[in-house]
Amino acid sequence: MNQDMQGKVIVITGATSGIGQVAAESLAGTGARIIQVARDRQRGDVAIQRLHSCAPYARHTIYYADLSRLSEMKRVASEIAAAEPRIDVLINNAGALFGSRQVTEDGLERTFALNHLSYFVVTHGLLDRLKASAPSRVVNTASDAHESAKLDFDDLQSENAYRGGFGKSLRYGGPGFKVYGRSKLCNILFTRELARRVQGTGVTANCLHPGFVATRFGDRSGGFMSFGLAVGKRFALSPQKGAETLIYLASSPEVAGVSGEYFYKCRPITPSREAQDDAAAQRLWVESAKIAGIAS
Ligand SMILES: NC(=O)c1ccc[n+]([C@@H]2O[C@H](COP(=O)([O-])OP(=O)(O)OC[C@H]3O[C@@H](n4cnc5c(N)ncnc54)[C@H](OP(=O)(O)O)[C@@H]3O)[C@@H](O)[C@H]2O)c1
């Protein structure tokens, strides 16, 4: 599993915890230099110290940004692009599940902003660097939670999804889980469209389902949802096991030429029908660019 990543530069979001933390430390152990994006200084300090203890001679770096805020996504990407001439791998992994609808200062539903738009905006900001460093890779953490999801382009901010309480969506874990599933569908559609757009540049884009993993995921979602997840996590994978596909996609020579795929257990698998809709993938790209205020 562990490839030699000596000298490679990896940017990763959501590595202060869970599968991102395991992946960052494991990749640092194989010689990569890690550039983390974190939101919390205390947790970030601990994470960077752990990285230095895995690989004391690499210049691991940390940047701080709340990736649910548009201005922060843009700022951190442009700071990294300005400081780093070379980026071999970008791992978009930060994500969360929110039990009730929250709106960011940009007027965006928070799950959409953090789980999808941050992947889109950070990748956009680092794409020139990735192209200049080709062969290079983008790896997006998605989820099998996309399987029951449908995208509603008239309600990308999920105003209707939370209306009317739990209703039918209880079957899927409630409205928060439904909205989470949509954001993970967005991750797969974004990966497909990115792969199409970067074809021939030497940049690949793939995404993955890590499995159900016992991380901090869902701990702060609230109420019934956090309780249910806490119970389920007793039977979940360890973060070490859950990080395997992430590490594989970031480093294995076996997938050097593979792009646009969705992986589970280090193998490409077929996502839901909605997640294979290339017209929806293109439309999501255009809509996301409009929302983010960047050229599509
Ligand atoms: N656990 C599972 O069963 C499972 C299954 C399928 C997919 N996933 C996906 O796996 C990814 C990683 O999740 P995990 O399970 O490792 O959960 P986790 O332990 O909760 O880690 C989530 C990471 O995202 C960061 N993050 C959250 N909100 C952020 C924000 N506003 N700005 C910047 N960073 C933020 C967290 O930072 P803090 O340390 O500051 O909180 C943490 O580093 C997510 O995309 C999730 O959707 C997880």
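Please read all numbers here as calculations on a predicted model, not as lab measurements.

Each value, and the rule that gives it
- Residues numbered from 1 in each chain as written.
- Predicted model: local features only at pLDDT ≥ 70, side-chain atom pairs only at ≥ 80, totals over all residues.
- Heavy atoms only, no water.
- pLDDT = per-residue confidence, 0-100.
- Contact = heavy atoms within 4.5 Å.
- Helix = DSSP H or I, 4+ residues; strand = E, 2+ residues; numbered from the N terminus.
- Expected span 1.5 Å × (residues − 1).
- Buried < 20%, exposed > 50% of the residue type's maximum accessible area, 1.4 Å probe, protein only.
- Axes fitted to C-alpha atoms, helices over the stretch in contact; angles between N-to-C directions.
- Parallel < 35°, antiparallel > 145°, perpendicular 65-115°, else oblique.
- Nonpolar A, V, L, I, M, F, W, Y, C, P; charged D, E, K, R; others polar.
- Near = heavy atom within 4 Å.
- Polar contact = N/O pair within 3.5 Å; in protein donor to acceptor, adjacent residues only side chain to side chain.
- Areas by Shrake-Rupley, 256 points an atom, 1.4 Å probe, with all protein chains shown as cover.
- Core = buried A, V, L, I, M, F, W, Y, C linked by side-chain atoms within 4.5 Å.
- Disulfide = S-S within 2.5 Å.
- Phe/Tyr/Trp six-rings, centres within 6.5 Å; stacked < 30°, edge-to-face > 60°.
- Pairing = 2+ DSSP bridges.

To continue, consider the confidence of the model for the protein chain. In this model, the protein chain carries a mean pLDDT of 93, and residues with pLDDT of at least 70 account for 95%. In this model, residues 165–171 is a region of pLDDT below 50 whose contacts with residues beyond four sequence positions or in other chains number six contacts.

Next up on the list: helix H5 (residues 175–197). Residue pairs three or four apart in sequence face the same way in an α-helix, which turns once every 3.6 residues. For H5, built from 23 residues, the straight-helix expectation of 33 Å at 1.5 Å per residue is met to within 8% by its first-to-last C-alpha distance of 33 Å. Counted residue by residue, H5 has 18 buried out of 23 residues, so it is predominantly covered.

Packing of H5 against helix H9 (residues 278–292) brings their axes to within 8 Å, and their N-to-C directions diverge by 90 degrees. Between H5 and H9, the angle is such that the two are roughly perpendicular. Counted together, Cys186, Leu189, Phe190, Arg192, Glu193, Leu194, Arg196 and Arg197 of H5 and Asp278, Ala280, Ala281, Gln282, Leu284 and Trp285 of H9 form the full contact between these two elements. In terms of residue class, the contact of H5 with H9 is made up of eight nonpolar, one polar and five charged.

It is worth spelling out the site of the ligand at this point. In the region of the ligand, 32 residues are neighbours, and Thr16, Ser17, Arg43, Tyr180 and Thr215 sit closest. With respect to the ligand, the backbone of Gly14 contributes an N or O atom lying 3.5 Å from an oxygen atom. Take Ile19: an N or O atom from its main chain is 3.0 Å from an oxygen atom of the ligand. Look at the ligand: alone it shows 910 Å² of surface, and the protein chains cover 96% of it. Elements represented by at least two residues in the shell around the ligand include exactly helix H1 (18–29), helix H4 (110–132) and H5. The residue makeup of the shell around the ligand, split by class, is 13 nonpolar, twelve polar and seven charged.

Time to look at the side chain of His60. For His60, the location among the structural elements is in the loop between helix H2 (41–54) and strand S3 (61–64). Reaching out from His60, the side chain makes a polar contact with the backbone nitrogen of Ile34 at a distance of 3.0 Å. Beyond its immediate stretch of four places on either side in the chain, His60 contacts Ala28, Ala32, Arg33, Ile34, Ile48, Leu51, His52 and Ala55.

Before going further, it helps to examine the environment of Val89. Within the element layout of this structure, Val89 appears in strand S4 (residues 89–92). Spatially, the C-alpha atom of Val89 lies 4.7 Å from that of Ile10, the residues being 79 residues apart in sequence. Every residue in contact with Val89, bar those within four places of it in the chain, is listed here: Met5, Val9, Ile10, Val11, Leu130, Arg137, Val139 and Ala250.

Among the nonpolar cores identified, the biggest contains 54 residues, and Leu67, Ile80, Leu117, Phe120, Leu126, Leu130 and Leu194 are the most heavily contacted of them. Mapped by element, the contributors of at least two residues to this core are strand S1 (9–13), strand S2 (33–38), helix H3 (70–83), H4, H5, strand S6 (203–209) and H9. The greatest single-element share of this core, amounting to eleven residues, is contributed by H4. Membership of the second largest hydrophobic core comes to 29 residues, among which are Ile34, Leu51, Val89 and Phe263.

Let us look at the state of the cysteines. All chains considered together, the criterion is met by zero disulfides. Counting only cysteine sulfurs, Cys207 is the nearest neighbor of Cys186, a cysteine outside any disulfide, at a range of 12 Å. You can call Cys186 buried: its relative accessible area is 1%. Overall, the relative accessible area of 1% leaves Cys207 in the buried class.

Assignment of secondary structure puts Thr191 in helix H5. Only 2.6 Å separates the side chain of Thr191 from the backbone oxygen of Asn187, close enough to count as a polar contact. The residues touching Thr191, leaving out its near neighbours within four places in the chain, are Asn140, Ala205, Asn206, Cys207, Gly260 and Glu261.

Now for the packing of aromatic side chains. This model, assessed by the stated rule, comprises six aromatic pairs. Note on Tyr248 and Phe263: the rings are 6.3 Å apart at their centroids and 55 degrees apart in plane angle, and the pair reads as tilted. Placement of the pair is Tyr248 in helix H8 (residues 244–251) and Phe263 in strand S7 (residues 262–264), with a sequence separation of 15 residues. Exposure class is identical for Tyr248 and Phe263. Each is buried.

With twelve residues, H1 extends 17 Å between its outermost C-alpha atoms, agreeing within 8% with the 16 Å of an ideal straight helix rising 1.5 Å per residue. Along H1, eleven of the twelve residues are buried, which leaves the element largely enclosed by surrounding structure. Taken together, the buried positions of H1 are Gly18, Ile19, Gly20, Gln21, Val22, Ala23, Ala24, Glu25, Ser26, Leu27 and Ala28. Positive phi appears at Gly31, one or two residues downstream of H1, with a value of about 105 degrees.

Spatially, S3-S2-S1-S4-S5-S6-S7-S8 is the arrangement adopted by the eight strands of the open sheet, whose pairing is mixed. Two strands bound the open sheet, and with one partner strand each, they are S3 and strand S8 (267–269). For this sheet, the mean angle separating the axes of adjacent strands, direction not counted, is 25 degrees. Alignment of S7 against S8, held across three bridges, turns out to be antiparallel. Each bridged residue has a counterpart across the sheet, and for Tyr262 the counterpart in S8 is Ile269. Contacting S1, S2 and S3, H3 runs over the sheet at an angle of about 150 degrees to S3.

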